[in-house]
Every structure is written in C-alpha cells, then in structure tokens.
Amino acid sequence: MAFQPEPWRVKVVEPIRLPEREERERLLSEAGYNVFGIAAEDIFIDLLTDSGTSAMSDNQWAGLMIGDESYAGARNYFRFESTIQEIFGFEHVVPVHQGRVAENLLFSSLVEPGKIVPNNSHFDTTRANVEVQGGKALDLVIDAAKHPQQEHPFKGNIDLDRVRALFESTPGEQIPLAMLTLTNNSGGGQPVSLANIRAYAELCHEFGIPFYIDACRFAENAWFIKQREEGQGDRSVAEIVREIFSLADGCTMSAKKDGLANIGGFFASRNRELVEHIKQRLVLIEGFPTYGGLAGRDLEAVARGLREVLDEGYLRFRITQVEAFGRKLTELGIPIIRPTGGHAIYIDAKEFLPGMPQSVFPGQALSVAMYREGGVRCAEIGSVMFARTDPESGETVYPALELVRMAIPRRVYTNSHLQYVADVLEGIRDHRDRLRGLDIVHEAPVLRHFTCRFEEL
C-alpha cells in the first residue's frame, strides 16, 4: 500500500480553515513574509514543527486528571522520574519545561568562552545556547549528510576521524563535553547508527570528555537502527534505546517530540555533582526540582508518552507515513533529502530553485509560496537560520544546505492531508520561475529566523 492506515481511531476533531487567497496575501504582508508571524487559526496545514504539536492519546488525557499540583514532591514527578530511569538508565533526572532549558542549564554549567562543543549537527537553539556562553558549536557530521541525493542509511553519523583529530589536537580542558543529536534535525532528520554512537562514546571516554545525547527523537532513531543496521533487526526498540543511553554520560530532551507531549523536557545524568549544581540553577529559573516549570499533570502526560512512543506499531506507521510522503514528492520531481528521515521531509531549495542565490533566501521564498498557494506553513532551515558573518573577512558564510522542512506532527494529520500538501507543491513546481527572493529588513541578533521581517524583491 502507498500509505498504511493510521493505527488509531479519531475521537475528537478540531476544525481547520483555508483562508481565501486574497486574505493569505494580506496575512503574509502583515507578517513581513515570515510565517512564524501568522496566527495558527489562519494556517490550513501546519508543518512548521513537530515540537509540542503531537496529538495526545486518551491514556495521556486521562493522566491529566490525576495531576498532583503540590509544589514539592508531587506524585507525578516520581512517576516521571522512574519512567526515565527505566527507559534511559540514568539515575539523576531534572524536569524542565522544554528542551532548550535543559541545554541552557547544561551549557551554562560547563561551557566558558573559547570552549568547543562538537556534535554531528547542532540545531538552532542548541547552537545558540553554546554560543551565548562564548563557546564554539562545531559540526562534524559525515560528508554524505551534505549531499541531499546521496543514499546512506545513517547520514546523521558523526565523522569519527574528524572527532579523533579534534581530540588529539585540542587540550582536553577546551572540550567540556561532546554532544550527539538523535536524529540529526539540521541534516534532514537523519539517524545515527548504534555502531557510530558506540565508537563516538569510546573516543569521548578515551580522552576523558563527557558524552551527552540530544535525545529529542530517540525512539525514531532506534527504529531506524532496528530496520537498517545489521544485527539489530531482532531486538526491540526498547532494548536498542537502553543500549544507546548506556553509552552516554547523560542527555537533554525536549519531550515535545518523542515524549508525545505538548510541553515538557528533562536533563538526565550519571554525574550527581553536576545534577546538584543544575538543580540549584533550576530553582532560579524554572522552579523546584520536582516540577521544573511544569504542572503535575504535564509530568504525568510526559511519563505516559515516553512509554507510548516505544510502541513499534506506532513507530512503523510514523516512519512509513513520512517515507510515503517523501516518495510521492520524489515522483513529482520535488528534490528532497534522501533517504527520508523520521519526523520531516526536507526540500532541497537550492535544487528546486537553481537560479535563486542564497543571498535572497530561496528556502524562505519557497516557504512563502507554500502558504500563498495552499495555506501550508513550514520552516526554512537554510540561510535565514544558519548564515553567519565571518569575523575576519566580514563576508557572509552560507550553509551547505538550503532546506525547507515540512515537520509532521505526531498523530495529527491523515494521509489525505499530506496528499493535499503534495498537490500544492506540484502546483508551485510548475510555476517556480515566478517565485521571488527576499531581503531582510529587520532581524534580531540571535535566532533571527523566529522574528525577522522581509520584503519581496
């Protein structure tokens, strides 16, 4: 079958509305051609992010009703803690309201000016949280990740030769920790193999460098290992997950992804001293260590979601739905990163709009066109998000990839919704020569893609 049926029944529906074209034009102009600035009620199909946009299950909604809102020691925290200890194997758990807070707590505790944090690819908030401390976020993903059409089962792998070269040429105190993002969001939602995780962990431990995982999409990554890596097919996803995290010293996680929740996250570690330091910082910015900025009911929803995401029936549908959507776009001649990742389809905007230079933001131009033509919202992951100014030459350095990410919220859209998106892209494909580049007229100094404003050229 082109599409597998959804492994759930619909019990509640939310109406969505497609504004008329004239209204969409007005809304784009008022938002400065930045789709972040358009109200959600004016979006027909929202593929901006898979973060916090999942549909919770009846089991999770039931969990909300037993929320214990005690300030300290709520029973939901202990269920949250024991779930994470069981699934991930870390003794010490700190709740936070979302993943970027876990990143901030970790990096503000360990990173100082001039220090280096290697990763396969840092995503936007991870990079920003390193750089705001004066550190250098270093991307060391394998070369295959930079070639959208190249087939490779684990394009999220970190380049182990470059890691060793870095570790051998850099004093250990200059690298306070090493990170690995599962799956690799900036590079197309691509997975990392278990063999690569193990080898990276061994390198880190050989050189005495703490190894932390960005675990946002840990279950999707484990599913790819089960499907693609030799010798892993007969193991359960839960077993693979436990082995992955047994190799690490700790992790950060936004539970808004593979936690199947609308809010929440955590920091977990084997380092008691570091955790105690982080808990003191947590009290200042998030709250008491047994709620960490979350209501008790949300802790319960996350605990239940972390168990549900390990259901292999769910994961089979999740990955197959994204794969089938990508196959449909490929049939239509829409260039995407191949193979498809776990949570999103990434359009290669440089290939789709070959005559448009990165200086006028082809990824942003395509995201504008998708809203203009079909009320579809997606995210630019290219020059708006990642271009930077070289401090020595003063010239703009553009990223290797110019992408438009269509992130698929979990358990939200049916296959017919994705067919509609494919139809919109087919129409844009036939008139792509009409798309106009953009010029930034206002931008923030950090994470500009969230709030910057453009004018069409």
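Q: Any chance you could break down the environment of Glu 206 for me, citing the residues and the numbers?
A: Its place among the elements puts Glu 206 in helix H7 (residues 194-206). Separated by 201 residues in sequence, Glu 206 and Pro 5 place their C-alpha atoms 47 Å apart. At 3.0 Å, the side chain of Glu 206 forms a polar contact with the side chain of Arg 164.

Q: An account of the state of the cysteines is requested, with residue identities and associated values reported.
A: With the rule as written, the count across this model stands at zero disulfides. Here Cys 216 stays free of any disulfide, with the sulfur of Cys 251 as its closest cysteine sulfur at 9.5 Å. Left unpaired, Cys 452 is separated from the closest cysteine sulfur, that of Cys 378, by 15 Å. Given the relative accessible area of 1%, Cys 452 is considered buried.

Q: How would you explain the packing of aromatic side chains if you had to name every residue and give the values?
A: Tallying each qualifying case throughout the model produces 17 aromatic pairs. Their ring planes at 65° and their centres at 5.2 Å tell us that Tyr 71 and Tyr 291 sit as a pair that is edge-to-face. Taken together, the residues span a long stretch of sequence, with Tyr 71 in the loop between helix H2 (58-64) and helix H3 (75-88) and Tyr 291 in the loop between helix H10 (272-285) and helix H11 (296-308) at a distance of 220 residues. For Tyr 71, a relative accessible area of 53% corresponds to the exposed category. Here the basic side chain of Arg 432 rests over the ring of Phe 352, its NZ or CZ set 4.6 Å away from the ring centre.

Q: Give a detailed account of the sheet that holds strand S14 (residues 403-407), specifying residues and quantitative values.
A: Strands sit in the order S9-S14-S11 across an open sheet of three strands; the sheet is antiparallel. Two strands in the sheet have a free side with no partner beyond their single neighbour: strand S9 (344-348) and strand S11 (379-381). Taken pair by pair, the neighbouring strands of this sheet meet at an average axis angle of 30°, ignoring direction. Pairing between S9 and S14: five bridges, direction antiparallel. Counted as the bridge partner of Tyr 346 is Arg 405 from S14. Docked against the sheet, helix H12 (residues 312-331) engages S9 and S14, running at close to 25° with respect to S9.

Q: Talk me through unusual backbone geometry; I want residue IDs and the actual numbers.
A: In terms of backbone geometry, most residues other than glycine have negative phi values and most peptide bonds are trans. Looking along the chain, the bond that leaves Leu 182 and enters Thr 183 is cis, with omega of -20°. Note that Thr 183 resides in the loop between strand S5 (178-181) and H7. The omega torsion across Arg 338 and Pro 339 is -5°, close enough to zero to call that bond cis. Here Pro 339 shows up in the loop between H12 and S9. Despite not being glycine, Phe 361 shows a phi value in the positive range, around 60°. For Phe 361, the location among the structural elements is in the loop between helix H13 (349-352) and helix H14 (362-374).

Q: Could you give me a rundown of H14, with the residues and numbers involved?
A: In this model, H14 (13 residues) spans 18 Å end to end at C-alpha, consistent with the 18 Å of a helix rising 1.5 Å per residue. Within H14, twelve of the 13 residues are buried, which leaves it mostly tucked inside the rest of the structure. Looking one or two places after H14, you find Gly 375, whose phi comes out positive at around 70°.

Q: Quick rundown of the packing of H12 against helix H16 (residues 415-430)? Include the residues and the values.
A: The N-to-C vectors of H12 and H16 enclose an angle of 25°; their axes lie 10 Å apart at closest approach. Compared by their axis directions, H12 and H16 come out roughly parallel. The crossing of H12 and H16 is right-handed. Contacts between H12 and H16 involve Phe 317, Gln 321, Phe 325, Lys 328 and Leu 329 from the former and Asn 415, Leu 418, Gln 419, Val 421, Ala 422 and Leu 425 from the latter.

Q: So what's going on with the sheet that holds strand S6 (residues 211-214)? Residues and values would help.
A: Strand order in the open sheet formed by five strands is S2-S8-S7-S6-S5, with mixed pairing between adjacent strands. Each of the sheet's edge strands pairs with one partner strand only, and the pair in question is strand S2 (92-96) and S5. Adjacent strand axes in the sheet meet at a mean angle of 15°, parallel and antiparallel pairs treated alike. Bridge analysis of S2 against strand S8 (residues 265-269) gives five bridges, and the strand direction is antiparallel. In the sheet register, Val 94 faces S8, and the bridge partner there is Phe 267. Docked against the sheet, H3 engages S2, strand S7 (250-254) and S8, running at close to 125° with respect to S2. Strands S2, S6 and S8 of the sheet are contacted by H10, whose axis makes an angle of about 20° with S2.

The rules behind these values
Residues numbered from 1 in each chain as written. Predicted model: local features only at pLDDT ≥ 70, side-chain atom pairs only at ≥ 80, totals over all residues. Heavy atoms only, no water. Helix = DSSP H or I, 4+ residues; strand = E, 2+ residues; numbered from the N terminus. Polar contact = N/O pair within 3.5 Å; in protein donor to acceptor, adjacent residues only side chain to side chain. Disulfide = S-S within 2.5 Å. Buried < 20%, exposed > 50% of the residue type's maximum accessible area, 1.4 Å probe, protein only. Phe/Tyr/Trp six-rings, centres within 6.5 Å; stacked < 30°, edge-to-face > 60°. Lys NZ or Arg CZ within 6 Å of the ring centre and 35° of its normal. Pairing = 2+ DSSP bridges. Axes fitted to C-alpha atoms, helices over the stretch in contact; angles between N-to-C directions. Contact = heavy atoms within 4.5 Å. Expected span 1.5 Å × (residues − 1). Parallel < 35°, antiparallel > 145°, perpendicular 65-115°, else oblique. Left-handed = near helix turned anticlockwise from the far one by under 90°.

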